[in-house]
Amino acid sequence: MEKQPCCEIGSFPRIKSAAWSPYIVGAGIGILSWLVFLLVNKPIGMSTEVSKFSGWLAGIFVGMDTVTENAYWASKTPAFGYSTVFLIATAVGAFISSKLGGTFKKELVPRVWQEHHGSSVGKRFVAAFIGGALLLYGARMAGGCTSGHGISGTLQLAVSGWVFFIAMFAAGVVTAKLMFRKKAS
Amino acid sequence: MNLPISTSSGLGLVLAGVFGLLFGVLLNKGRVTDYNVIVNLFRFRDWTVLKVMLTAIVVGGLGVATMMSFGWLEGWHIKDTNLLGLLLGGALFGVGMAVYGYCPGTGVAAVATGSVHALVGFGGMLVGGVAYALSYPWVKDAILSKGAYGKIRLTEITPIPEAVWWIALVAIAGGVFWLLSRSSKPAHSAS
């Protein structure tokens, strides 16, 4: 089946398209944030729920009582709720979209990584794991991630959101500069 | 029907599912579930992420500010400005995002589009979450207490009123989009 040329502004956003115009997607996320604010009085966020997942996982090993004794998880108690459903539904939405759009693909080593660091799956996995750990540690220290600060915070003109956005972008640019200096032979 | 709907009610959970589904579809159609697209933002080679985020901020912000002025919303949801925590945490987050290639939301979504390394990085996120909880008493004292200004908005720390901020942001976003559309290379070509 022929795929739509990606992201023409005028093209109607269909679920079977591989991608939509980034402006349509951005407007969609903006309108979604109206609905979330209006209907449930919450901003869109993700990283708090991921840290609750880690508390839940820790609970399997050391018992939930020990987990809730922790000063952090005492205030962000791991429990099934609104944000759990939101996180799982985000994954389901992306799954449906990628299946119908024909972009679902098993990916072990992404292209840009491979061009610079070779095709070793182990190397990519170690980097992804360490990157993920830094990412969530940083998100919790800052009190939010790209969703909570980067979109929900900035759109309310929160000082915290804009400071986070700038610090994150600057560090990302420097890291990418160091990481993608030379091509793999 | 009384708004807002309680997030612990059955309807609240149904809405969480609807909102999440829409968010996941949008992230995928916006191509931000693609490692290459995100990493190429930091390499100044693909402006998709910037276009998505700036549009979301302007459209979302104008709507939320309008609803606030009509008195339709309960109030703002401003996170604390803990300056040192935001700078250090934001920097760690940026390093992590460049190495992992996703943020928490797009990482979760990418796992569902077949990215196995995104799943491995999700495991890393869980470890990062445990590490943070364990180090929290120290972080709270040594980092979060530095430069703690509370829940402040740009309109409170500058003499610039709300409306002017929005006119400026719309103008900046428009200017950025116009510049990107003029650059000879198609902005979404990921290489």
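Residues numbered from 1 in each chain as written. Chains lettered and ligands numbered in written order. Predicted model: local features only at pLDDT ≥ 70, side-chain atom pairs only at ≥ 80, totals over all residues. Heavy atoms only, no water.

## Here we look at the overall build of chain A
Here is step 1 of the chain: When helices and strands are counted, chain A shows nine helices and zero strands.
Here is step 2 of the chain: Secondary structure elements in chain A, listed N-terminal to C-terminal, are α-α-α-α-α-α-α-α-α.
Here is step 3 of the chain: When burial is assessed residue by residue, chain A has 56% of its 185 residues classed as buried.
Here is step 4 of the chain: Sequence separation of at least 24 residues holds for 48% of the intrachain contacts in chain A that already meet a minimum separation of 6.
Here is step 5 of the chain: Approximately 8,000 Å² of chain A is accessible, and the part contributed by carbon and sulfur atoms is 67%.
Here is step 6 of the chain: Placing the 17 positive and 7 negative side-chain charges of chain A at their respective mean positions leaves the two points 7 Å apart. (Helix = DSSP H or I, 4+ residues; strand = E, 2+ residues; numbered from the N terminus. Buried < 20%, exposed > 50% of the residue type's maximum accessible area, 1.4 Å probe, protein only. Contact = heavy atoms within 4.5 Å. Areas by Shrake-Rupley, 256 points an atom, 1.4 Å probe, with all protein chains shown as cover. Lys, Arg positive; Asp, Glu negative; His and termini not counted. Charge placed at Lys NZ, Arg CZ, Asp CG, Glu CD.)

## Description of the packing of aromatic side chains
Here is step 1 of the chain: One pass over the structure, following the stated rule, counts 17 aromatic pairs over all chains.
Here is step 2 of the chain: Arranged with centres 6.2 Å apart and planes meeting at 70°, the rings of A:Phe53 and A:Trp56 form a pair that is edge-to-face. Residue A:Phe53 and its partner A:Trp56 are both found in helix 2 (residues 47-62); the two are separated by three residues, about one turn of the helix.
Here is step 3 of the chain: Ring geometry for A:Phe169 and B:Phe44: centres 6.4 Å apart, planes at 45°, overall tilted. With one member in each of two chains, A:Phe169 in helix 9 (residues 159-179) and B:Phe44 in the loop between helix 2 (35-42) and helix 3 (48-69) form a pair that bridges those chains. (Phe/Tyr/Trp six-rings, centres within 6.5 Å; stacked < 30°, edge-to-face > 60°.)

## Thoughts on unusual backbone geometry
Here is step 1 of the chain: Phi at A:Leu157 takes a positive value of approximately 60°, unusual for a residue other than glycine.
Here is step 2 of the chain: Take A:Leu157: it is sitting in the loop between helix 8 (146-153) and helix 9.
Here is step 3 of the chain: Not every positive phi belongs to a glycine, and B:Arg31 is a case in point at roughly 65°.
Here is step 4 of the chain: When you line up the elements, B:Arg31 lands in the loop between helix 1 (10-29) and helix 2.
Here is step 5 of the chain: B:Arg31 sits in the buried class, given a relative accessible area of 18%.

## A word on the nonpolar core
Here is step 1 of the chain: With 93 residues, the main nonpolar core has A:Ile29, B:Phe19, B:Phe23, B:Phe42, B:Phe93, B:Met97 and B:Tyr100 as its most contacted residues.
Here is step 2 of the chain: The greatest single-element share of this core, amounting to 11 residues, is contributed by helix 3 of chain B.
Here is step 3 of the chain: Ignoring sequence-local partners within four residues, the contact set of B:Phe23 consists of A:Ile29, A:Leu32, A:Ile44, A:Met46, A:Phe86, A:Thr90 and A:Ser147. (Core = buried A, V, L, I, M, F, W, Y, C linked by side-chain atoms within 4.5 Å.)

## Notes on the pattern of salt bridges
Residue and element names in this part refer to chain A.
Here is step 1 of the chain: Counted according to the given criterion, the structure contains five salt bridges over all chains.
Here is step 2 of the chain: Lys105 is the salt-bridge partner of Glu107, the closest N and O atoms lying 3.8 Å from each other.
Here is step 3 of the chain: A salt bridge links Lys183 to Glu115; the shortest N-O distance between them is 3.7 Å. Here Glu115 lies in helix 6 (residues 111-117) and Lys183 lies in the segment after helix 9, a separation of 68 residues in the sequence.
Here is step 4 of the chain: Taking relative accessible area as the criterion, Lys183 reaches 56% and is therefore assigned exposed.
Here is step 5 of the chain: One continuous salt-bridge network, built from bridges that share partners, spans Arg111, Glu115 and Lys183. (Salt bridge = Lys/Arg side-chain N within 4 Å of Asp/Glu carboxyl O.)

## Quick notes on the interface of chain A and chain B
Here is step 1 of the chain: With 116 residues of chain A in contact, the opposing surface of chain B contributes 115 residues.
Here is step 2 of the chain: Across the interface of chain A and chain B, roughly 10,300 Å² is buried in total on both sides, 78% from carbon and sulfur atoms.
Here is step 3 of the chain: Sorting the residues of chain A by area buried against chain B places A:Leu135, A:Met141 and A:Leu157 first, and these three jointly supply 8% of that buried surface.
Here is step 4 of the chain: At the boundary of chain A and chain B, one finds zero salt bridges.
Here is step 5 of the chain: At the junction of chain A with chain B, the criterion picks out 30 residue pairs in polar contact (both at pLDDT 80 or more).
Here is step 6 of the chain: Of all the secondary structure elements, the ones that give two or more residues to the side of chain A that touches chain B are helix 1 (22-40), helix 2, helix 4 (71-75), helix 5 (82-101), helix 6, helix 7 (121-142), helix 8 and helix 9 of chain A.
Here is step 7 of the chain: Sort the elements by how many residues they give to the side of chain A that touches chain B and helix 1 of chain A lands first, with 18 residues.
Here is step 8 of the chain: Each residue belonging to the side of chain A that touches chain B can be placed in one class, and the counts come to 76 nonpolar, 32 polar and eight charged. (Buried area = accessible area lost by both parts, 1.4 Å probe. Polar contact = N/O pair within 3.5 Å; in protein donor to acceptor, adjacent residues only side chain to side chain. Nonpolar A, V, L, I, M, F, W, Y, C, P; charged D, E, K, R; others polar.)

## Quick word on the confidence of the model for chain B
Here is step 1 of the chain: Looking at chain B as a whole, its pLDDT mean stands at 94, while 95% of the residues score no less than 70.
Here is step 2 of the chain: Reported for the predicted complex are a pTM of 0.94 and an ipTM of 0.94. (pLDDT = per-residue confidence, 0-100.)

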